[in-house]
Amino acid sequence: MLKSLKIPRKLGLSFLIICASAAAMMAVFFSNISMIRSVTDANSAAQSRYAKALALETALLRQNSQMRGYLVTGDKTYLKSYDEGRVDYDKASAELEAELTDPKLVEAVKVSRKETLDWRAKWGDRLIKRVDGGDLAGAQAEVQAAGKAVLVSAAVLPLRDVRDAEMAAIEEGMATQKAAM
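Rules used throughout
- Residues numbered from 1 in each chain as written.
- Predicted model: local features only at pLDDT ≥ 70, side-chain atom pairs only at ≥ 80, totals over all residues.
- Heavy atoms only, no water.
- Phe/Tyr/Trp six-rings, centres within 6.5 Å; stacked < 30°, edge-to-face > 60°.
- Lys NZ or Arg CZ within 6 Å of the ring centre and 35° of its normal.
- Helix = DSSP H or I, 4+ residues; strand = E, 2+ residues; numbered from the N terminus.
- Polar contact = N/O pair within 3.5 Å; in protein donor to acceptor, adjacent residues only side chain to side chain.
- Contact = heavy atoms within 4.5 Å.
- Axes fitted to C-alpha atoms, helices over the stretch in contact; angles between N-to-C directions.
- Parallel < 35°, antiparallel > 145°, perpendicular 65-115°, else oblique.
- Left-handed = near helix turned anticlockwise from the far one by under 90°.
- Nonpolar A, V, L, I, M, F, W, Y, C, P; charged D, E, K, R; others polar.
- Salt bridge = Lys/Arg side-chain N within 4 Å of Asp/Glu carboxyl O.
- Buried < 20%, exposed > 50% of the residue type's maximum accessible area, 1.4 Å probe, protein only.
- Arc of directions from axis to C-beta.

> Help me understand the packing of aromatic side chains in this model?
Ring pairs (aromatic) are described by centroid distance and by the angle formed between their planes. Across all of its chains, the model carries zero aromatic pairs by this definition. Lying across the ring of W123, R126 places its NZ or CZ 5.7 Å from the centre.

If you want it as C-alpha cells, here you go:
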C-alpha cells in the first residue's frame, strides 16, 4: 500500500505520524505534570496538618511543663509561657479540625481537645489558682501524690494518630510523585 503512494503523500503521512506521536507524548507529559501538581498540593496540605498536630502536642507539653515549673518555683514568669501554650493549642486545634476530612482524625482532635480541657480544669488551671492563693506546698504535694494522673498522655496520644496518618499520606504522595517523574 505504501509503495503505491507518491513521495509527497509519504512525506505527508510521515509528518502526520510524527505529529500524532508528539501529541500523544505531550498528552502523557501534561497528564504527569498535572498529577505531580495535584500530589504536590496534597503533600503540602498533609505537611501543614502534620505540622499543626505537632504544634498541638508541643503546646500541650509546654503547658504541662510550665505549670510544673510554676508549681516548683512559684515564679509567675512560667505563667506567660503557660498561657501562650493555651492560646497556641486552642488556635491550632480549631484550624486542624477544620482542615481534616477523615472522620476518625477529626474525632482524634476532638478527643485531644476534650482531654486537654479536662486536664486544664483538673490540674493546670486549678493548681495554678491554688498556688496563686498561697498554697504552693499543698499544690506540690497534690501533684506528687497524683503520680501519673497528672500527665497529659490522654490528650497527646490521639494527636500521634493524626501525625501518623498525615505522614503516611505524605509518603504515599512522594511515591506517586517519584513514579510520575
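> Sorry if this is basic, but what is going on with the side chain of T116 here?
Secondary-structure assignment places T116 in helix α3 (residues 103-132). Separated by 3.1 Å, the side chains of T116 and Y89 make a polar contact. Apart from the residues within four sequence positions on either side, T116 is in contact with L60, Y89 and A155.

> How should I be thinking about the packing of helix α1 (residues 7-73) against helix α4 (residues 136-146) in this particular structure?
When two helices pack together, their arrangement is given by the angle between the helix axes and the distance between those axes. For the pair α1 and α4, interaxial distance at closest approach is 8 Å and the crossing angle is 130°. On the basis of their axis angle, the class for α1 and α4 is oblique. Note that α1 runs across α4; the crossing there is left-handed. Between α1 and α4, the contacting residues are R68, Y70, L71 and V72 on the first element and L136, A139, Q140 and V143 on the second. Among the residues making up the contact of α1 with α4, the classes are represented as six nonpolar, one polar and one charged.

> For this particular structure, what's the right way to read the pattern of salt bridges?
Oppositely charged side chains may form a pair once their charged atoms are brought near each other. As enumerated under the stated definition, the model contains 17 salt bridges in all. K110 is the partner of E97 in a salt bridge, and the nearest nitrogen-oxygen pair spans 3.9 Å. Residue E97 is located in helix α2 (residues 77-99), and its partner K110 is located in helix α3; the two are separated by 13 residues in the primary sequence. Here R130 ties to D135 by a salt bridge, and the two come within 2.8 Å at their closest N and O atoms. Exposure remark for R130: the relative accessible area of 28% places this residue in the partly exposed category. In this structure D135 comes out as partly exposed when scored by relative accessible area, which is 29%.

> Sorry, what's going on with α4 here?
Quick reminder: α-helices carry 3.6 residues per turn. Residues three or four places apart thus point the same way. Of all the positions in α4, only G138, A139, V143 and A146 are classed as buried. One side of α4 carries all its buried residues, which in axial view fall inside an arc of 135°. Seen from the buried face of α4, the exposed residues on the opposite side, beyond 90 degrees, are A137, Q144 and A145. The positive-phi residue at the C-terminal boundary of α4 is G147, with phi of around 60°.

> I would appreciate a short explanation of the side chain of S81 in the present structure.
Tracing the sequence through the fold places S81 in helix α2. On the basis of relative accessibility, which here comes to 16%, the residue S81 falls in the buried class. Apart from residues no more than four positions distant in its own chain, S81 is found in contact with R62 and Q66.

> When you look at the packing of α2 against α3 in this model, what are you seeing that I'm missing?
Viewed as axis vectors pointing N to C, α2 and α3 meet at an angle of 165°, and their least axial separation amounts to 11 Å. With respect to their mutual orientation, α2 and α3 come out roughly antiparallel. The two elements α2 and α3 meet at a crossing, and its hand is left-handed. Contact with α2, carried on its side by L79, Y82, R86, Y89, D90, S93, A94, L96 and E97, involves V106, V109, K110, S112, R113, T116, W119, R120, G124, D125, I128 and D132 of α3 and no other residues of that element. Among the residues forming the contact of α2 with α3, the class breakdown is nine nonpolar, four polar and eight charged.

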